[in-house]
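# What the coordinates show
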Amino acid sequence: MDAVDTAARLGVPVEEVERVHRLAGDRPSAPLPARADAPALLDRLAVPPDDAAEILAGWPESGSPQWTPELRWLLDRSIALVRANLGGHGWLPPGPELPRDRGPAWRHLYVYAYLALVDVVMAYHRDHGIPGAVSWTTFADIGRNLAIDRRMNGEGWPVMQSWLTLHMRGSLYELGRLQYHRAGTTIDLHIPDSGPLTPEAIDTSLNEAREFFPRHFPDEHYTAFACGSWLLDPQLAEYLPEDSNIVRFQRRFELEPYEQPEGLDPDVEVLRFVFRTLTTPLDALPRRTLLQRAVIDHLTAGRHWQWRRGRFPR
């Protein structure tokens, strides 16, 4: 593998190719399911029809002109990279961000990697006694994120493709309203785009998690639930009523002192999650909800949102 030539053909920095080569090495990859089995699998992963059609159209079949040698190398080594870190908890980009206007093979390369890893991570789940229903609910975040990315005209996927490696390494589980990320001595909470954040739904989910992790990961000992999110920004309480779901969610946490997060712009993250767009001018964004109006008014006034971390005992 010539890193410089491969990077040039992929249109990515050579450092990204060298990183994949270093982390994947000669570790084993995993085969994709048969294309004939793919529609049922995509349906089970909640992949929207438009995305499923593109994924099938770009399927990495032998002899496909879409799949150049450098693309096949990247797919194989990205699968190996993620598989080598099975059970890992850290942030793990599966490979470089690719030009997405070159066709479905380029646009969905990392989706193919995750499809190849389904059987691998399912075996990991079974080894830990995790019910199949939890596995499939967790993996269906692939479809959810593809739908969000399509809604965002491709603006969301560079972050999402790394986010989904948590699911495909057995690090994250969706239990009711929340997702739970094994992270050292804490369990990090994530809030998927899946309905109201009611206190009742949160309590039910937390109680499920309190039973789930000691049962399936008895050697891991967690002392707290933690969360890092713009949803924990105390400034939201200036705009939202005290009995709002968001404010009541905030009250569960003891916040850490604020530090500007490295490599993350909280204003961008708020726009990403609240409006699912990063390019629409503020004065053209919808103002249908109290939260939408709060975000727009806050930014229009020249103020900035914060990404806060907090925790509460498990």
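Scroll up for the structure.
Definitions and cut-offs
- Residues numbered from 1 in each chain as written.
- Predicted model: local features only at pLDDT ≥ 70, side-chain atom pairs only at ≥ 80, totals over all residues.
- Heavy atoms only, no water.
- Buried < 20%, exposed > 50% of the residue type's maximum accessible area, 1.4 Å probe, protein only.
- Helix = DSSP H or I, 4+ residues; strand = E, 2+ residues; numbered from the N terminus.
- Pairing = 2+ DSSP bridges.
- Salt bridge = Lys/Arg side-chain N within 4 Å of Asp/Glu carboxyl O.
- Phe/Tyr/Trp six-rings, centres within 6.5 Å; stacked < 30°, edge-to-face > 60°.
- Contact = heavy atoms within 4.5 Å.
- Axes fitted to C-alpha atoms, helices over the stretch in contact; angles between N-to-C directions.
- Parallel < 35°, antiparallel > 145°, perpendicular 65-115°, else oblique.
- Left-handed = near helix turned anticlockwise from the far one by under 90°.
- Nonpolar A, V, L, I, M, F, W, Y, C, P; charged D, E, K, R; others polar.

This next bit is on unusual backbone geometry. Residue alanine 46 is not a glycine yet carries a positive backbone phi of 60°. Overall, the relative accessible area of 42% leaves alanine 46 in the partly exposed class. For arginine 276, which is not a glycine, the phi torsion comes out positive at approximately 55°. Structurally, arginine 276 is set in the loop between helix H13 (266-275) and helix H14 (290-300). Relative accessible area serves as the criterion here: at 7%, arginine 276 is assigned to the buried category.

Attention shifts here to the sheet that holds strand S6 (residues 308-313). Strand order in the open sheet formed by six strands is S1-S2-S3-S4-S6-S5, with mixed pairing between adjacent strands. The strands lining the two open edges of the sheet, one partner per strand, are strand S1 (172-175) and strand S5 (254-255). In the sheet, strand S4 (residues 224-229) pairs with S6 via six bridges, with the strands oriented antiparallel. Its bridge partner lying in S6, serine 229 is registered against arginine 308.

This next bit is on the pattern of salt bridges. Two side chains with opposite charge may pair up if their charged atoms get near one another. On inspection of all chains with the given rule, the structure shows 16 salt bridges. We note a salt bridge from glutamate 54 to arginine 150, for which the minimum N-O separation is 3.4 Å. Of this pair, glutamate 54 sits in helix H4 (residues 49-57) while arginine 150 sits in helix H9 (residues 141-151), and the two are 96 residues apart along the sequence. The class of arginine 150 is partly exposed, set by a relative accessible area of 35%. Here the salt bridges do not stand alone but share partners, grouping Asp51, Glu54, Arg107 and Arg150 into one network.

Moving on to the packing of aromatic side chains. One pass over the structure, following the stated rule, counts 15 aromatic pairs. Taking the centre distance of 6.0 Å and the plane angle of 55° together, the rings of tyrosine 239 and tryptophan 305 count as tilted. Separated by 66 residues along the polypeptide, tyrosine 239 in the loop between S4 and helix H12 (245-250) and tryptophan 305 in the loop between H14 and S6 bring together distant segments of the chain. A residue is classified by how much of its surface remains accessible, and tyrosine 239, at 24% relative accessible area, is partly exposed. Taken together through their ring pairs, the aromatic side chains of Tyr173, Tyr180, Phe212, Phe213, Phe217, Tyr222, Phe225, Phe249, Phe253 and Phe312 make up a single cluster.

This part takes up the side chain of serine 205. For serine 205, the location among the structural elements is in helix H11 (residues 199-216). By relative accessible area, which is 1% here, serine 205 ends up buried. With residues near it in sequence (within four places) discarded, serine 205 still touches Leu175, Gly176, Arg177, Leu178 and Tyr180.

This part takes up the packing of helix H2 (residues 14-24) against helix H5 (residues 69-84). Where H2 meets H5, the axes come as close as 8 Å, and the angle between the chain directions of the two elements is 50°. One way to sum up the angle between H2 and H5 is to call them oblique. In this structure, H2 meets H5 at a crossing whose hand is left-handed. Residues Val17, Arg19, Val20, His21, Leu23 and Ala24 of H2 form the contact with H5, whose participating residues are Trp73, Leu74, Arg77, Ser78, Ala80 and Leu81. Here the residues of the contact of H2 with H5 sort into eight nonpolar, two polar and two charged.

Moving on: the pairing of S4. Of all the six residues making up S4, six are buried; the element is thus mostly covered by neighbouring parts of the structure. Burial of the side chains of S4 extends over both faces: Ala224, Ala226 and Gly228 are buried on one face and Phe225, Cys227 and Ser229 on the other.

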